[in-house]
Amino acid sequence: MASVTGTSISMASFKASLAPSSRVSTLRSVSLPINGKSFTPLRLRPARFRVSCSAKPETVHKVCEIVKKQLALPDDSAVSGESKFAALGADSLDTVEIVMGLEEEFGISVEEESAQSIATVQDAADLIEKLVEKKGSA
């Protein structure tokens, strides 16, 4: 007998593991006896999924260069798409200046609400590509 803690689980087929066609929602733990033997319940940690449309590498590179310039970082500083502005030492004023530099470089206008959602270089690059595409289709 299987015991489940959480709000829902559904399995189309079962062979000592959840099948690819299984559906699990907010599942916290699973206890599965196999061949009459009981095992310690598995505790599941919540997973975060991030869906993003990645910007072109050249856009990410340009954003990295602008961030380095605005924060006066050495040329050999490791700045990548995953780099968080706060981890690079940027405060809120630095972030505003970075956004202004991006607007100037790419010829776009970033709404304040959108600017507040930018935490990483990748976030900025993705937003830039979206705005450039939107500008081009207008």
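Below: a short report on this structure. (Residues numbered from 1 in each chain as written. Predicted model: local features only at pLDDT ≥ 70, side-chain atom pairs only at ≥ 80, totals over all residues. Heavy atoms only, no water.)

## Points about the overall build of the chain
At step 1: Counting secondary structure elements, the chain contains four helices and three strands.
At step 2: Reading the helices (α) and strands (β) of the chain from amino to carboxyl end gives β-β-β-α-α-α-α.
At step 3: Scored against the burial criterion, the 138 residues of the chain give a buried share of 33%.
At step 4: When contacts within the chain are restricted to residue pairs at least 6 apart in sequence, long-range pairs at least 24 apart make up 49% of them.
At step 5: Carbon and sulfur atoms provide 53% of the accessible area of the chain, an area that totals close to 10,000 Å². (Helix = DSSP H or I, 4+ residues; strand = E, 2+ residues; numbered from the N terminus. Buried < 20%, exposed > 50% of the residue type's maximum accessible area, 1.4 Å probe, protein only. Contact = heavy atoms within 4.5 Å. Areas by Shrake-Rupley, 256 points an atom, 1.4 Å probe, with all protein chains shown as cover.)

## Description of the nonpolar core
At step 1: With 25 residues, the main nonpolar core has Val-63, Val-67, Phe-85, Leu-102, Phe-106, Val-110 and Val-121 as its most contacted residues.
At step 2: Among the elements of the structure, helix H1 (57-70), helix H2 (92-106) and helix H4 (121-137) are those that each provide at least two residues to this core.
At step 3: The element that contributes the greatest number of residues to this core is H4, accounting for six residues.
At step 4: Apart from residues lying up to four places away in sequence, Phe-106 is in contact with Thr-59, Lys-62, Val-63, Ile-66, Ile-128 and Val-132. (Core = buried A, V, L, I, M, F, W, Y, C linked by side-chain atoms within 4.5 Å.)

## Observations regarding the side chain of Glu-129
At step 1: Among the secondary structure elements, Glu-129 is positioned in helix H4.
At step 2: Within the buried set, Glu-129 has no salt-bridge partner at all; the shortest N-O distance to an opposite charge, 4.4 Å, is to Lys-56.
At step 3: Looking at Glu-129, its side chain comes within polar contact range of the side chain of Thr-59, at 2.6 Å.
At step 4: Here Glu-129 is in contact with Ser-54, Ala-55, Lys-56 and Thr-59, once residues within four sequence places are set aside. (Lys, Arg positive; Asp, Glu negative; His and termini not counted. Salt bridge = Lys/Arg side-chain N within 4 Å of Asp/Glu carboxyl O. Polar contact = N/O pair within 3.5 Å; in protein donor to acceptor, adjacent residues only side chain to side chain.)

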